[in-house]
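Residue-level listing of the chains:
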Amino acid sequence: MATAAPPDRYLRDYYADDELSGEEMGVGELANESRCTSPTSSVYSYESSIDHERMLHEIHGRSFNNTSDYYMLPADPAEHCRLDLQHEMLKQTMGLFLRLDIAEGILAPRQTGIPAVLDVGFGSGAWTVDTARLFPHAEVVGIDLAPANLTCQPPPNCTFECDDVNLGLGRYHSSFDVINARAIASGIADYPSFLEDSIQTLRPGGMFQSIECDLQLFDEQLFPITAEYEDQSGFCWTQRLCVAAREAMGRRGSGIHAGPHIHRWMKGMDDVWAETEENVVYIPIGPWTNDHTERGRYIAELMCEDFFQFMNSVRPLLLTAGYFEETIDMWTNRIHTELNGLHQRLYIRVSIVLPYGANRVF
């Protein structure tokens, strides 16, 4: 029989006499589930800074979307800078597409109609803009819970809308040839249902690209790090923060654990896709590997900086979940020591799934 996990002494709930109200923990309106379950479409095209204020609210000094409770990472310029950095790291690792040749074939200019791409969860808008530039003859649409903080004018074939895909993609059905869904699982309540909805959104022959990280770290032999407490062999503070963040996201009902299962779910739809490809990439957190190429070192350094900024991004989530501010400060300091000093040789896993040749819809 499995042994129950010991109570977490870093959580306020561990101390029976130290309880906080919802307002003190920064949740306030977040307890209102109607924002996630409303059957009314939330799509909204934004035009000005006033729209930003309507769509965002502040928690523990960071700005968050005002639409969904599932996704609990910020939507402010600091977070979008991190996502730009993450975009560069992933682009150096795999490009904009796992199989650019397939994307080029699907999005080739045609005599009738315009090829179209949907970027679900555009974040900073970097992938959306880059794809619009790569395929200037195609229509590229990005949707997300909050506006992007673009630093330049997007190409004329690139548009952004605010929408919550948990409410359905009905208005987009049969409208796109390619769907990109990158690092969105933590904001999806039911990923299999989202996949079925996405299939209906694709035109015949279309392609779906999923890129997810599930916050599970691996050692230098690519074994998963399972130790969660200081007295366990193989423990590291970097994984401790990942566990805390993953559990906090899961308690909000998000699909943060979906990443490793997406390929299996797609393979279960064999009558839908002509082919389904998968590529699992292990990216080192910091330049500790034997890859001394300029590109390899650059990717590792980008991953390390991305993780440092991610620690700041999940701070409001951890505070809202009940962790002490002093605990998060301590974790942050010890993680900087682990990673800057290369004391921990860690990989993070990125799962890329690419089904294409959609031949029917539900």
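The structure we're discussing is the one just above.
Residues numbered from 1 in each chain as written. Predicted model: local features only at pLDDT ≥ 70, side-chain atom pairs only at ≥ 80, totals over all residues. Heavy atoms only, no water.

1. Notes on the pattern of salt bridges
And then number 1: Going through the model one piece at a time under the given rule, you end up with 14 salt bridges.
And then number 2: The closest approach of N and O atoms between R82 and D306, which form a salt bridge, is 2.9 Å. Highlighted residues: R82 in helix α4 (residues 77–94) and D306 in helix α10 (residues 294–321), separated in sequence by 224 residues. Accessibility classification places R82 together with D306 in one group, the buried group.
And then number 3: Close ionic contact of D177 with R110 constitutes a salt bridge, the shortest N to O distance being 3.5 Å. One end of the pair, D177, is in strand β6 (residues 176–182); the other, R110, is in the loop between α5 (100–106) and β3 (116–120), with 67 residues separating them in the sequence.
And then number 4: Salt bridges sharing common partners tie together E79, R82 and D306. (Salt bridge = Lys/Arg side-chain N within 4 Å of Asp/Glu carboxyl O. Helix = DSSP H or I, 4+ residues; strand = E, 2+ residues; numbered from the N terminus. Buried < 20%, exposed > 50% of the residue type's maximum accessible area, 1.4 Å probe, protein only.)

2. Examining helix α8 (residues 237–251)
And then number 1: End to end, α8 covers 21 Å across 15 residues, agreeing with the expected 21 Å (1.5 Å per residue, within 8%).
And then number 2: α8 sits mainly inside the fold: 12 of its 15 residues count as buried.
And then number 3: Among the residues of α8, W237, T238, Q239, R240, L241, C242, V243, A244, A245, R246, A248 and M249 are the ones counted as buried.
And then number 4: For α8, the secondary structure elements touched by its buried residues are β8 (217–218), α10 and α11 (325–340). (Expected span 1.5 Å × (residues − 1). Contact = heavy atoms within 4.5 Å.)

3. Points about the state of the cysteines
And then number 1: Counted under the stated rule, the structure contains 0 disulfides.
And then number 2: In this structure C158 is a free cysteine whose sulfur lies 9.4 Å from that of C152, the closest cysteine sulfur available.
And then number 3: Owing to a relative accessible area of 6%, C158 belongs among the buried residues under this scheme.
And then number 4: With no disulfide partner, C236 has as its closest neighbouring cysteine sulfur the one in C242, 8.0 Å distant.
And then number 5: For C236, a relative accessible area of 0% corresponds to the buried category. (Disulfide = S-S within 2.5 Å.)

4. So, the side chain of R246
And then number 1: Structurally, the position occupied by R246 is in helix α8.
And then number 2: Although R246 is buried, it forms no salt bridge, and the closest oppositely charged side chain is E228 at an N-O distance of 5.2 Å.
And then number 3: Setting aside anything within four residues of it in sequence, one finds R246 in contact with D214, L215, Q216, Q239, I256 and H257. (Lys, Arg positive; Asp, Glu negative; His and termini not counted.)

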